[in-house]
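As a plain string of letters, each chain reads:
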Amino acid sequence: MKGLYILLAVILLTSCQNQNKEDINKAKQASIDSMKVEINKQRVIDSMKTEMAKIKEEQKIESEKEKVVVVHQQANGTAAATTAAAAKKKGWSSAAKGAVIGAGVGAATGAIVSKKKGQGAIIGGLAGAGVGAGTGAIIDSKKKKE
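Residues numbered from 1 in each chain as written. Predicted model: local features only at pLDDT ≥ 70, side-chain atom pairs only at ≥ 80, totals over all residues. Heavy atoms only, no water.

J.: Is there a simple way to explain the overall build of the protein in this structure?
T.: In terms of helices and strands, the protein carries three helices and two strands. For the protein, the N- to C-terminal ordering of α and β elements is α-β-β-α-α. Taking all 146 residues of the protein together, 9% fall into the buried category. The long-range share in the protein, meaning contacts at least 24 apart out of those at least 6 apart in sequence, stands at 34%. (Helix = DSSP H or I, 4+ residues; strand = E, 2+ residues; numbered from the N terminus. Buried < 20%, exposed > 50% of the residue type's maximum accessible area, 1.4 Å probe, protein only. Contact = heavy atoms within 4.5 Å.)

Okay, here's the thing in structure tokens:
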């Protein structure tokens, strides 16, 4: 009978040790899996950062001035090449837009208000163009400061 108790005690102890080893292995595997998930998240974040850096670099390159080669014909027939930096302009400046809008609004207002429609439109257009150009110039100077 003592032998049976000893045998049961040994079996019980060994089964508990195997259970602990399985628990330890499961915990290790869970931590490895969570680390893999974190690594994948970090890879995505890093790839997004590199893509954003590439986009910023492309925008910087596009905003830089281009070099233009100008060829002048000299009196003796030879060509001389010179380079000049020219800014790449897109669309109208704010001063030009302001002048056009101001001239239109001023002309319409002058024609409506004045008894002499033609003369009122001309005067209103000139005044509106002046005010619009001044306002646009202020906007342009603020954009250059930024």
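J.: Just to check I follow, could you spell out the pattern of salt bridges for this structure?
T.: If charged atoms from side chains of opposite charge come close, those side chains can pair. Taken as a whole and judged by the stated rule, the model has two salt bridges. Residue Glu-51 is joined to Lys-54 by a salt bridge in which the shortest nitrogen-to-oxygen separation is 3.7 Å. Here Lys-54 and Glu-51 lie together in helix α1 (residues 2-63), a separation of three residues that amounts to about one turn. (Salt bridge = Lys/Arg side-chain N within 4 Å of Asp/Glu carboxyl O.)

J.: Any chance you could explain the environment of Gly-104 here in plain terms?
T.: Note on placement: Gly-104 falls in helix α2 (residues 94-113). Relative accessible area serves as the criterion here: at 44%, Gly-104 is assigned to the partly exposed category. Along the primary structure Gly-104 and Leu-126 are separated by 22 residues, whereas in three dimensions their C-alpha atoms are 9.4 Å apart.

J.: How should the confidence of the model for the protein be read in this particular structure?
T.: Detail in the predicted coordinates should be disregarded across regions flagged by low pLDDT. For the protein, per-residue confidence averages 78 on the pLDDT scale, and residues scoring 70 or more make up 75% of the total. Note that pLDDT drops below 50 for residues 78-86; the model gives that stretch 24 contacts with residues more than four away or on any other chain. (pLDDT = per-residue confidence, 0-100.)

J.: What's the story with the side chain of Ser-94 in this structure? I'm lost.
T.: Along the chain, Ser-94 turns up in helix α2. Overall, Ser-94 belongs to the buried group, its relative accessible area being 14%. Separated by 3.5 Å, the side chains of Ser-94 and Lys-143 make a polar contact. Apart from the residues lying within four places of it in its own chain, the contact partners of Ser-94 are Gly-136, Ile-139, Asp-140 and Lys-143. (Polar contact = N/O pair within 3.5 Å; in protein donor to acceptor, adjacent residues only side chain to side chain.)

J.: How do you make sense of α2 when you look at a structure like this?
T.: An α-helical segment advances 3.6 residues per turn. Residues three or four places apart therefore align on the same side. For α2, spanning 20 residues, the distance from its first C-alpha to its last is 28 Å, which sits close to the expected 28 Å at 1.5 Å a residue. Here α2 has its buried residues at Ser-94, Gly-98, Ala-99, Gly-102, Gly-106 and Gly-110. Viewed along the axis of α2, the buried residues span an arc of 120°, placing them on a single side of the element. In α2, the exposed positions that point more than 90 degrees away from the buried face belong to Ile-101, Val-105 and Ile-112. (Expected span 1.5 Å × (residues − 1). Arc of directions from axis to C-beta.)

J.: Got a minute to help me understand a nonpolar patch on the surface in this structure?
T.: Together, Met-1, Leu-4, Tyr-5, Leu-7, Leu-8 and Ile-11 give the surface a local cluster of nonpolar side chains, amounting to about 670 Å² of exposed area. Among the secondary structure elements, Leu-4 is positioned in helix α1. (Patch = residues over 30% accessible without salt bridge, like charges linked within 9 Å, V, L, I, M, F, W, Y side chains within 5 Å. Areas by Shrake-Rupley, 256 points an atom, 1.4 Å probe, with all protein chains shown as cover.)

J.: So what exactly am I meant to see when it comes to the environment of Gly-120 here?
T.: Among the secondary structure elements, Gly-120 is positioned in helix α3 (residues 117-145). A relative accessible area of 9% means that Gly-120 is categorised as buried. Measuring from C-alpha to C-alpha, the distance between Gly-120 and Ala-107 comes to 7.1 Å, with 13 residues separating the pair along the chain. Not counting residues within four places of it along the chain, the set of residues in contact with Gly-120 comprises Gly-110, Ala-111 and Ser-114.

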